[in-house]
Amino acid sequence: MDAQQLPIAAAMLPQRPIFSPVAQRALTRDSYNAQSFGRGTNSLVKQARVLMVGAGGIGCELLKNLVLAGFGEIHVVDLDTIDLSNLNRQFLFRHEHIKKSKALVAKEVAQKFNPSAKIIAYHGNIKERQFNIEWYKSFSLAFNALDNLDARRHVNKMCLAADVPLIDAGTTGFNGQVQVIKKGVTACYDCVEKPTPKSFPVCTIRSTPSQPIHCIVWGKSYLLNEIFGTSEDDAAFDHTEDQDNAKEIEELQKEAGELRKIREALGTEEFPKMLFTKVFNKDIERLRSMKDMWKSRKPPEPLDYDTLIKKASELGSSAEAILRDGQRVWSLEENLMVFNDSLNRLSKRMLELKKEHDGSGPAPIISFDKDDEDTLDFVASSANIRSTIFGIDRKSIFDIKQMAGNIIPAIATTNAIVAALCVLEAFKVLKGDYKQVKDVFLSGDRLLSSGAPTAPNPDCPVCGVVYTTAYVDFLRATLNDLVEDFLKTRLQYGDKEISISNEVGILYDPDETENLDKKLSELGIKEESFLTVVDEDDDDTFVNVVVNIQQAKGELGEKVVQGTTGQQPEIPRRPKKAPAPELNGHAPLTNGTTEVAPDSALGKRRRDDEDSALPAKKSRTARGPSAGDEVVVIEDDGAIVLD
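Quantities reported herein were computed from a predicted structural model and do not represent experimental measurements. (Residues numbered from 1 in each chain as written. Predicted model: local features only at pLDDT ≥ 70, side-chain atom pairs only at ≥ 80, totals over all residues. Heavy atoms only, no water.)

Time to look at the packing of aromatic side chains. Taken as a whole and assessed by the stated rule, the structure comprises 17 aromatic pairs. Ring geometry for Phe91 and Phe113: centres 6.4 Å apart, planes at 75 degrees, overall edge-to-face. Remark: Phe113 occurs in the loop between helix H6 (102-110) and strand S3 (118-123) and Phe91 occurs in the loop between strand S2 (73-78) and H6; sequence separation between them is 22 residues. Ring centres of Phe280 and Phe339 lie 5.9 Å apart, and the angle between their planes is 65 degrees; on these two criteria the pair is classed as edge-to-face. With Phe280 in helix H12 (residues 271-288) and Phe339 in helix H15 (residues 332-356), this residue pair connects regions lying 59 residues apart in the sequence. (Phe/Tyr/Trp six-rings, centres within 6.5 Å; stacked < 30°, edge-to-face > 60°. Helix = DSSP H or I, 4+ residues; strand = E, 2+ residues; numbered from the N terminus.)

Structure, rendered in structure tokens:
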């Protein structure tokens, strides 16, 4: 039937065009991409080898976009496993994927969007040694799709050291941002100081909790660290009120000392009961004895381990079954079962870590991670038991994970918008068109705003430095070899006064020389370690240098520390601060204070110099004596500064 024989209404409809088999073959994904992006950009995309860190909310959307855009090779890194709470916004995952690796499942599912895409997945921590600088250098571009501040800072630092452009993305509810980071061109992730986590008065956390978050912080930053870490996390506690509670602080310090003794019984059958009795019975009894503390509130109720464990045994359930129901608020007895089970798992881990420890560097520790089930179970059960003691509502482990991990609920549409913006900026980065890149912000009312990236902060401790690599023979190399053969000779520090530090602290400076004869391995310096070199001279000061330590490839000969082949890196000088404006030959008067840049702002350690200045003299003001009127006369130039 042709169109003339169709009813009038049907004849008016547009007819589907018939393509030849040759035309149909031409309309491939690559053809569409070439039309959309332009042939030049599409060619760069197909040749690109990109890294994506994080396969969560943003990562799922971003991986789908990268695959559909035809990126040549995509490497995905994530240490997390899929949780029920992820399914509402991480669309690559289904219920049958729960407990499986996010990276591996994301690769498997995203591959279906484009079977020809090359995706390589890693179920691991991006901070592991296998992900070294040489590995980073193999990428054209990196994407950060992380919700972890520490991991984002690590990737930022590694990309700067490898000189690989990075696109960092983040979302908070309806808000989102995309930042392009290129060494020497744009500001990096650490150019602007990030807000510090909220701190809590130590006495509130340790003695008078009144909210679930107080008990969660106690379990995460105090109890876990005292048993499996180093000591309490000072970042979580506010010590400003310590002077007002000196006696209580002294008692708390005694408690911590007793806890460290109990730690020696780790791994024994008596350990769970000893720990429980210490923190949930004896410490609570001591608090109850302080009658003044409970005049206006209900005193805490200590718990007996034997009584509670007997009730728990009558439940006829297992810790494994209880943990499967993570959105339900567990009873006190169920929390005890999870407490004992998680304590057993962590004890085994710690004993294994100690067994593998070779004695060099810091002792092994276990730190809290919201994605580490062992630590999360321990913190959740401990917090709930403590909440019961103080008459505070218990929380589900689902809620505790959000509170302990500072998780802000994510929204799928925000993630999708931010992931799309990442790919648009990636096109500009691949073309090297940094004049066109934008920092883009998505606000809660769904308005997009963008602007040119800010310039690098010259005082940034991460991107305002020079990165270089030293290849060492760990069997022979000492700190003195690094100083003499690499820093003073190759990097031309010469006779300059310098200090060398790592993440633990200062290893060497003009006053601290006892480490010079020690081997680098004895100082805990291993392959992929970073050392920061600070020029202590006030004149012609070098910017800080960060040295990445690598195992030497092949024999080094007499010099056991060598740099990369080719031209040695040129170390820029630190820009001198502009002098303050003068008025009639004198420094201007200030409103009671004079501001002096602290040594730490320049990356220098403060050094005492007894002969550096004479003590300032006090004198009366010119208008006559009156109470509180004083001036300070500075001897060198006669300037008078009101105090």
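So, next bit.
Within helix H4 (residues 39-47), burial applies to Thr41, Asn42 and Val45. Projected down its long axis, H4 shows its buried positions confined to an angular sector of 100 degrees, all on one face. Away from its buried face, by an angle of more than 90 degrees, H4 presents the exposed residues Arg39 and Gln47. (Buried < 20%, exposed > 50% of the residue type's maximum accessible area, 1.4 Å probe, protein only. Arc of directions from axis to C-beta.)

The tendency in soluble globular proteins is for nonpolar side chains to be buried side by side. Counting residues in each nonpolar core, the largest one holds 51 residues, and the members touching the most others are Leu223, Phe228, Leu275, Phe276 and Phe339. Of all the elements, helix H10 (residues 212-228) adds the most residues to this core, at 10 residues. Once residues lying within four places of it in the same chain are set aside, the contact partners of Leu275 are Leu223, Ile227, Leu259, Ile262, Phe339, Leu343 and Phe378. Counting 45 residues, the second largest nonpolar core, distinct from the first, contains Val418, Ala426, Phe427 and Leu430. (Core = buried A, V, L, I, M, F, W, Y, C linked by side-chain atoms within 4.5 Å. Contact = heavy atoms within 4.5 Å.)

Right, let's get into the side chain of Ser396. Secondary-structure assignment places Ser396 in the loop between helix H16 (373-389) and helix H17 (397-404). Dropping the residues within four chain positions of it, Ser396 is found in contact with Gly326, Gln327, Arg328 and Val329.

Counting buried residues along strand S11 (residues 466-472), seven of its seven residues qualify, which places the element largely inside the surrounding structure. Residues Val466, Thr468, Ala470 and Val472 line one face of S11 and the alternating positions Tyr467, Thr469 and Tyr471 line the opposite face, and both faces are buried. Taken together, the seven bridges between S11 and strand S15 (residues 545-551) define a ladder with parallel strand orientation. Opposite Val466, over in S15, you have Val545 as the bridge partner. With three bridges joining them, S11 and strand S16 (residues 561-563) adopt antiparallel strand pairing. (Pairing = 2+ DSSP bridges.)

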